[in-house]
Amino acid sequence: MTPREQLMRKIQQLDFALVDSGLYLNGHAGDQAALNFFKQHQKEYQQAVQEYTTKYGPLSFKNGMYNDRWTWMDGPWPWEGADN
């Protein structure tokens, strides 16, 4: 697995942990341990997405940096798997 694929896998795992723990928190809002788990994984997720964006480009048009032109269409796409 390439470093890019490894980082994408980490982002996917963290995203799953956030969704799953968020669903749990919807029914257990007072569970401090679950909230701490969510907050820690949210921080790790944000860091991993920032690292990916810096190295390989944005995962979504919402977190791209646009100065004087729309660069979201420039490749490769996050799902193409090219290790650039």
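Predicted, not measured: the structure shown is a model, and the values here were computed from it.

Colleague: In this structure, what is going on with the side chain of His-41? I would like to understand it.
Modeller: Counting through the fold element by element, His-41 comes out in helix α2 (residues 32-56). Residues within four places of His-41 in sequence aside, it is in contact with Leu-14, Ala-17 and Leu-18.

Colleague: Teacher, can you tell me more about the pattern of salt bridges here?
Modeller: Oppositely charged side chains can pair when the atoms bearing their charge come close. Counted under the stated rule, the structure contains one salt bridge. A salt bridge links Lys-55 to Glu-51; the shortest N-O distance between them is 2.9 Å. Separated by four residues within a single helix, Lys-55 and Glu-51 lie in helix α2, roughly one turn from each other.

Procedures and definitions
Residues numbered from 1 in each chain as written. Predicted model: local features only at pLDDT ≥ 70, side-chain atom pairs only at ≥ 80, totals over all residues. Heavy atoms only, no water. Helix = DSSP H or I, 4+ residues; strand = E, 2+ residues; numbered from the N terminus. Contact = heavy atoms within 4.5 Å. Salt bridge = Lys/Arg side-chain N within 4 Å of Asp/Glu carboxyl O.

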